[in-house]
Amino acid sequence: MVASLPRGPHCSLFPSLRHYRGFWLPEITLQCLPQVHARFDLGPTDVLIASFPKCGTTWLKSLCFAAARRSSHPPPLDLAAGGDHPLLLRNSHDCVRFIDTLQFLQAGDDGNAPPQPRLLGTHLPYSLLPARATGADGSAGCRIVYITRDPKDTLVSLFHFNSGVVMSGAGAPAPAPEAGGFEEAFELYCQGRYGLGSQWEHAREYWSASARRPGRVLCLRYEEVLEDPAGSLRRIAAFMGCPFTAEEEDAGVVGAILELCGMETQRGLEVNRSGAYVVRGLLSIGNKHFFRKGVAGDWRNHMTPEMAARLDGVVEEALKGSGFTFDLDGRKEYIAARHDDDGSIF
């Protein structure tokens, strides 16, 4: 079936895309999808961390992991002293495994039963999630934490990420569209054909689900997490069923988690400077590529005002009547003014 689907444009991160039910998905994801649906077993207290690529996935995974595992892995109050916290030794994608390529079926590091709540990740659209995740099978479904981002910044981040990725496996990848420059990537993105596009339909599906099932689906905006990281972390923890206690607040646990998961900390770790994220032996991504700037508004360094207006118009037209918006009303300018473009906020 996969071979019969329309083939999409090549990009280095996703060299073989196929069009399926409104989205461009990697062949490997489509080939794994039946097993994902058959073997997905998260329960109502477990958490699925979802996003469109390059919308803050790495950060969200680390925040969720640090908050959910703080009893067994307390965040270090003094990072200079080091320690054995998993987020100091592994990339967050290895701490929270993706379901998309069956990594969630790998045995735990110690062979024991996974801790509770279980945490998994996905880039799948909501409409392609297993029924047990969404409750379509009559169950309560698992908890879902979703993050989205201004499409202009998403495109810029995705373009840089794709340009830096080195694939491994059988044969060298074909020339990628990013080799033609940002303008070509921009055209494909406006058409909803770059990466796993379209991003706006991906976000609309999760937003609609959160409106129908507010206790089961939490939607976050990357820009709002940048603006209020502590408040966002408290909101995430409460949604996951593990709110911070007054004692933890007084002890500075919230701040310790934010520092542990921050850009400067994570980018400076040996595992993220020289390590690699490997997907089933098919591709290898240097962990350093997951950490670039982590700011809002970097699209201004890549797009003309006309390009930005065009992409905004495409998104606005596509979302017309849905009730969902990316909230492009000046918030980005406010955030950009508050945070220096030095990577200090991730």
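Read on for a plain summary of the structure. (Residues numbered from 1 in each chain as written. Predicted model: local features only at pLDDT ≥ 70, side-chain atom pairs only at ≥ 80, totals over all residues. Heavy atoms only, no water.)

## What to know about unusual backbone geometry
With omega at -10°, the peptide bond leading from Gln116 into Pro117 counts as cis. Here Pro117 shows up in the loop between helix H4 (92-95) and strand E4 (119-122). A positive phi angle, close to 50°, is found at Arg21, a residue other than glycine. Residue placement: Arg21 occurs in the loop between strand E1 (17-20) and strand E2 (23-26). We classify Arg21 as exposed; its relative accessible area is 52%. You will see that Lys54, though not glycine, has its phi angle at about 70°, which is positive. Checked against the element boundaries, Lys54 lands in the loop between strand E3 (47-51) and helix H2 (57-68). In this structure Lys54 comes out as buried when scored by relative accessible area, which is 15%. (Helix = DSSP H or I, 4+ residues; strand = E, 2+ residues; numbered from the N terminus. Buried < 20%, exposed > 50% of the residue type's maximum accessible area, 1.4 Å probe, protein only.)

## Let's talk about H2
Side chains that are three or four residues apart share a direction in an α-helix, a result of its 3.6 residues per turn. For H2, spanning twelve residues, the distance from its first C-alpha to its last is 16 Å, which sits close to the expected 16 Å at 1.5 Å a residue. Burial within H2 is extensive, with twelve of its twelve residues counted as buried. All buried positions along H2 are accounted for by Thr57, Thr58, Trp59, Leu60, Lys61, Ser62, Leu63, Cys64, Phe65, Ala66, Ala67 and Ala68. (Expected span 1.5 Å × (residues − 1).)

## Quick word on the packing of aromatic side chains
Taken as a whole, this structure holds nine aromatic pairs when the rule is applied. Geometrically, the ring pair formed by Tyr146 and Tyr206 is stacked, given 4.1 Å between the ring centres and 10° between the ring planes. A residue pair is termed long-range when its members are at least 10 positions apart, and Tyr146 in strand E5 (residues 143-148) and Tyr206 in helix H8 (residues 199-212) qualify at 60 residues. Both residues of the pair, Tyr146 and Tyr206, belong to the buried class. Considering the side-chain rings of Phe324 and Phe326, the 5.0 Å spacing of their centres and the 70° angle between planes classify their relative orientation as edge-to-face. Owing to a relative accessible area of 3%, Phe326 belongs among the buried residues under this scheme. An aromatic cluster is built from Tyr126, Tyr146 and Tyr206, whose rings are joined through pairwise contacts. Positioned over the ring face of Phe98 is Lys61, at 3.3 Å from the centre of the ring. Above the plane of the ring of Tyr222 lies Arg149, whose end atom (NZ or CZ) is 4.4 Å from the centre. (Phe/Tyr/Trp six-rings, centres within 6.5 Å; stacked < 30°, edge-to-face > 60°. Lys NZ or Arg CZ within 6 Å of the ring centre and 35° of its normal.)

## Comments concerning the nonpolar core
Within soluble globular proteins, side chains that are nonpolar tend to cluster in buried spots. Of all hydrophobic cores here, the largest spans 54 residues; its most connected members are Leu48, Ile144 and Met303. Broken down by element, this core gets its largest block of residues, six residues, from helix H7 (residues 182-190). (Core = buried A, V, L, I, M, F, W, Y, C linked by side-chain atoms within 4.5 Å.)

## Some details on the sheet that holds E4
Whether parallel or antiparallel, the strands of a sheet pair through hydrogen bonds between backbone atoms. Pairing in this open sheet of four strands is parallel, and the strands run E4-E3-E5-E6 from one edge to the other. If you trace the sheet from one side to the other, it starts and ends with E4 and strand E6 (217-221), each paired once. Averaged over all adjacent pairs, the angle separating strand axes in this sheet is 20°, with direction ignored. With four bridges joining them, E3 and E4 adopt parallel strand pairing. (Pairing = 2+ DSSP bridges. Axes fitted to C-alpha atoms, helices over the stretch in contact; angles between N-to-C directions.)

## Quick word on the packing of H7 against helix H15 (residues 305-319)
Each pair of packed helices can be described by the angle between their axes along with the distance between the axes. Interaxial distance between H7 and H15 falls to 10 Å at its minimum, and their mutual angle equals 20°. Between H7 and H15, the angle falls in the class roughly parallel. For the element pair H7 and H15, the recorded crossing hand is left-handed. On H15, the residues touching Phe182, Phe186, Glu187, Tyr189 and Cys190 of H7 are Met307, Arg310, Leu311 and Val314. (Parallel < 35°, antiparallel > 145°, perpendicular 65-115°, else oblique. Left-handed = near helix turned anticlockwise from the far one by under 90°. Contact = heavy atoms within 4.5 Å.)

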